[in-house]
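Structural description and commentary
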Amino acid sequence: MKRPVILILISIFLLPLVVRPAIASEIWIFAIFGLGANLLLGYTGLLSFGQSTFFGSAAYVAGFLLKQYGINAFLALGIGVGVGAASAALVGYLCVQRSGLYFIMLTFALNQLFYFIAYQWTSVTGGEDGMPGVPRPALAGIDFTNPLVYYALVSLLFLAALWIMKRIVESPLGKILQAIRENEVRAEAVGYNVPRFKLLAFVIGGSGSLYGPVIGSFVFIWLSESVSTLWARWPLLLGVAFVIVVLFLRGGVVEAWTRFWTWRSSKHKA
């Protein structure tokens, strides 16, 4: 078993001991979201500002069905995922017709459209107050109202998502997406339908490190939950971190860690 996987498994067991189970669950939920965005950006080279649309639409639909109709939780999750994929297919079809800055601005504009719909449609989404009262129904006799039991479910879903994403990036499809990232014109010249593969990447998710989003989700949730209680302008710290990453560390924390160990090894050899 590779070292990153071992570290993730250890983190899953230790995290509820360090932070509240609700916060620990949120970390793995955002890690799943980050895995999808990573496929689109890191492996296909498409910078999209619209991933929150698919994340939000799936969550709203599943939450609404559970709250208003009390349907089976797995059915609600399946319908939510289907709605998220359908919205990604629609937005992706409109956006992959353009490239570069035009692609980025289209995803941003459509994401803002969804944001204002969700913000104003208070009878369904709750607006800025959110959607309280979404139940956690028991499945197979297991009570998911218990925070630790719910955390265990979220952790298993994260591990499943990580395994699926790993299989995708190591498959021929993953290699094609990386070829599009490196040279879109050359990938098209050898016979690949580039817009179709871009759309597929849009629907199945979204920087080149598979484990980077996990670290990113932990840092983001930790900052929002701990530092925000001490300093109201904590997003400034996040903004500075983003600038540093964009200018010097395109691979994020994973690249910084690799550089550190490379530097340390070279110092020892010297």
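Let me sum up the structure you'll find in this document.

**Concerning the overall build of the protein**
Per the secondary structure count, the protein includes 13 helices and zero strands. When the helices and strands of the protein are listed from N to C terminus, the series reads α-α-α-α-α-α-α-α-α-α-α-α-α. Put simply, the protein shows about 16,400 Å² of open surface, and 69% of that area lies on carbon and sulfur atoms.

**Some words on the packing of aromatic side chains**
As enumerated under the stated definition, the model contains six aromatic pairs in all. A ring pair is formed by Phe30 and Phe55, whose centres lie 5.9 Å apart and whose planes are at 45°; its orientation type is tilted. Of this pair, Phe30 sits in helix α2 (residues 21-41) while Phe55 is found in helix α3 (residues 51-69), placing the two residues 25 residues apart along the sequence. An aromatic cluster is defined as three or more aromatic residues linked by ring pairs; in this entry it consists of Phe30, Phe33 and Phe55.

**Topic: the nonpolar core**
One finds Ile12, Leu15, Trp28, Leu35, Tyr151 and Phe158 to be the most contacted residues of the largest nonpolar core, which totals 18 residues. Broken down by element, this core gets its largest block of residues, seven residues, from helix α7 (residues 147-170). Filtering out sequence-adjacent residues up to four positions away, Tyr151 remains in contact with Ser11, Ile12, Leu15, Pro16, Pro21, Ala24, Ser25 and Trp28. The next biggest cluster of nonpolar side chains, apart from the first, holds eight residues, and it includes Ala88, Cys95, Phe103 and Ile104.

**Overview of α7**
The terminal C-alpha atoms of α7, which comprises 24 residues, lie 34 Å apart, in line with the 34 Å expected from a rise of 1.5 Å per residue. N-capping of α7 is provided by Asn146, with a side-chain oxygen placed 3.0 Å from the backbone N of Leu148.

**Observations concerning the side chain of Asn111**
For Asn111, the location among the structural elements is in helix α5 (residues 100-120). Residues contacting Asn111, with those up to four places away along its chain left out, are Phe49, Gly50, Ser52 and Thr53.

Parameters at a glance
Residues numbered from 1 in each chain as written. Predicted model: local features only at pLDDT ≥ 70, side-chain atom pairs only at ≥ 80, totals over all residues. Heavy atoms only, no water. Helix = DSSP H or I, 4+ residues; strand = E, 2+ residues; numbered from the N terminus. Areas by Shrake-Rupley, 256 points an atom, 1.4 Å probe, with all protein chains shown as cover. Phe/Tyr/Trp six-rings, centres within 6.5 Å; stacked < 30°, edge-to-face > 60°. Core = buried A, V, L, I, M, F, W, Y, C linked by side-chain atoms within 4.5 Å. Buried < 20%, exposed > 50% of the residue type's maximum accessible area, 1.4 Å probe, protein only. Contact = heavy atoms within 4.5 Å. Expected span 1.5 Å × (residues − 1). Polar contact = N/O pair within 3.5 Å; in protein donor to acceptor, adjacent residues only side chain to side chain.

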